[in-house]
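A closer look at the structure
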Amino acid sequence: MLGHRPDRHGEPSSRLHSHGDTFDSTRFAALLEVEGELSLGLVEEAITVCAGLFDDAGVQVRRVIDLGCGPGVGTALLTQAFRSASVLAVDGSRAMLERAEARATRLGHAGRVESRQLDLNEDLASLGRCDLAWTAMAIHHADDEVATLQRIRSLLDSRGLVCVLERADPTFIRFADDLGHPGIWNRLEAARGEWFESVRDRMPGAMNAEAYPSMLAAAGLHLVVDRTLVGTLEAPPDAATNQFIAGQLERTVRDLASVATETDLHALRTFVQRMPPSTEGRWHGASITSSRKLLIARPTAD
Ligand SMILES: C[S@@+](CC[C@H](N)C(=O)[O-])C[C@H]1O[C@@H](n2cnc3c(N)ncnc32)[C@H](O)[C@@H]1O
């Protein structure tokens, strides 16, 4: 396995075919499932926008393909939303697909959900046609995003849509406890924004969500929706969420080393270190803010 660089979100920035081991791990699939559940509201919002466009056009959605489906949180929501549709979950990682299949079975969707292991860098024609090609937080892993979007475009039925969701800003976590430093979470969030602006241009590949409108255009897709979705939720006090939060906070300490004040960093570091790992309820009072860039496009006339 080649070495991998973490991207700005701490996921592997890698291309799956060269870093299969990284994505193809049960541990990582479980972590992505937690993250998926924490941003479920944003995915529901994006699906509602897609469904509205199909309704307005009088199109009944018969087939959805979820490209880079990961552990299948989005797949399940798509299946629930488009009740007349069959849904094909596609991913390069077997571990992710197993998780997605288990979720579909658990929710009673198995009859309408199929899965397929396939590399998004390869020919996608064998997936067949669809009304909605959905790809969330996955396209940035492709070797050549425009080429992959072109292949996705060719899957669309007439009046079909492609929906791309990518992270807009890094996830941010704040607590009710101000650690004895009033305003600390606002300052850390501002510092995180400053840090992000300073590294944005050096992000590998297409990690910059702002680049997607022009990539879609280059792939022969006409943008019909370009929106930023933002949502905040109270973190459920379970062990899996605790682990996710711990990872995010450790990353915040690391990323902000040269941006936040030493006093705030010290308070945050102490807060993180003080907490015993994996204790349920550990992060009581945590709220998590996530954001997504939502881009929906249809093929331009040839
Ligand atoms: C960050 S996850 C997103 C999962 C899910 N769509 C979501 O929104 O939670 C990215 C997914 O893309 C898959 N992936 C990355 N590169 C891929 C490639 N070249 N071919 C197929 N799948 C790939 C990974 O295995 C992983 O499941």
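Preceding this section is the structure that the text describes.
Description of the structure in this document. Chains are numbered independently. Their residues run from 1 in the order of the written sequence. Local features in this predicted model are restricted to residues of pLDDT 70 or higher, and side-chain atom pairs are both shown and tallied only at a pLDDT of 80 or more, whereas totals for entire chains, interfaces and linings draw on every residue. With hydrogens and water stripped out, all remaining heavy atoms of the structure feed into the side-chain values.

**Notes on the packing of aromatic side chains**
- Aromatic pairs are defined between Phe, Tyr and Trp rings, using the six-membered ring for Trp, whenever the two ring centres lie within 6.5 Å; interplanar angles under 30 degrees are classed as stacked, those over 60 as edge-to-face, and all others as tilted. Counted under the stated rule, the structure contains five aromatic pairs.
- Ring centres 6.2 Å apart and planes at 90° place the aromatic pair F54 and F82 in the edge-to-face group. Of this pair, F54 sits in helix α3 (residues 40–57) while F82 sits in the loop between α4 (73–81) and β2 (86–91), and the two are 28 residues apart along the sequence. An identical accessibility class is assigned to F54 and F82; each is buried.
- Between the aromatic rings of W185 and F271, the centroid separation amounts to 6.3 Å while the plane-to-plane angle is 65°, which identifies the pairing as edge-to-face. Of this pair, W185 sits in helix α7 (residues 184–199) while F271 sits in helix α10 (residues 262–274); the two residues are 86 residues apart in sequence, bridging distant segments of the chain. Across the pair, F271 and W185 agree in class, each one buried.
- Among the aromatic side chains, those forming a connected cluster through ring pairs are F175, W185 and F271. In this description a helix means any DSSP run of H or I spanning at least four residues, a strand means any run of E spanning at least two, and both kinds are numbered starting from the N terminus. Burial classes follow relative accessibility: with a 1.4 Å probe on protein chains only, a residue under 20% of its type's maximum area counts as buried, one over 50% as exposed, and anything between as partly exposed.

**Considering the packing of α7 against α10**
- Helix axes are fitted to C-alpha atoms over the stretch in contact, other axes to C-alpha atoms as well, and angles between N-to-C directions run from 0 to 180 degrees. The interhelical angle for the contact between α7 and α10, taken along N-to-C directions, is 105°, at an axis separation of 11 Å. With respect to α10, the element α7 is oriented roughly perpendicular. Contact residues: I184, W185, R187 and L188 in α7; D264, A267, L268 and F271 in α10.
- Ten residues, namely Ala, Val, Leu, Ile, Met, Phe, Trp, Tyr, Cys and Pro, are considered nonpolar, four, namely Asp, Glu, Lys and Arg, are considered charged, and the remaining ones, Gly among them, are considered polar. Per-class residue counts for the contact of α7 with α10 are six nonpolar, no polar and two charged. Note on terminology: angles under 35 degrees are roughly parallel, angles over 145 are roughly antiparallel, angles of 65 to 115 are roughly perpendicular, and the others are oblique. Here, residues are in contact when the closest pair of their heavy atoms is within 4.5 Å.

**Observations concerning unusual backbone geometry**
- Positive phi outside glycine occurs at M137, with the angle close to 55°.
- Unlike most non-glycine residues, L179 shows phi in positive territory, near 55°.
- Note that L179 resides in the loop between β6 (172–175) and α7.
- By relative accessible area, which is 16% here, L179 ends up buried.

**With respect to the packing of helix α9 (residues 239–255) against α10**
- Running from amino to carboxyl end, α9 crosses α10 at an angle of 150°, the nearest separation of the two axes being 10 Å. Between α9 and α10, the crossing angle belongs to the class labelled roughly antiparallel. For the crossing formed where α9 meets α10, the hand is left-handed. Along the contact surface, α9 presents L249, E250, T252 and V253, while α10 presents L265, L268, R269, F271 and V272.
- A per-class count over the contact of α9 with α10 returns six nonpolar, one polar and two charged. Handedness of each helix crossing follows the sense of rotation of the near helix against the far helix: counterclockwise by less than a right angle gives left-handed, clockwise gives right-handed.

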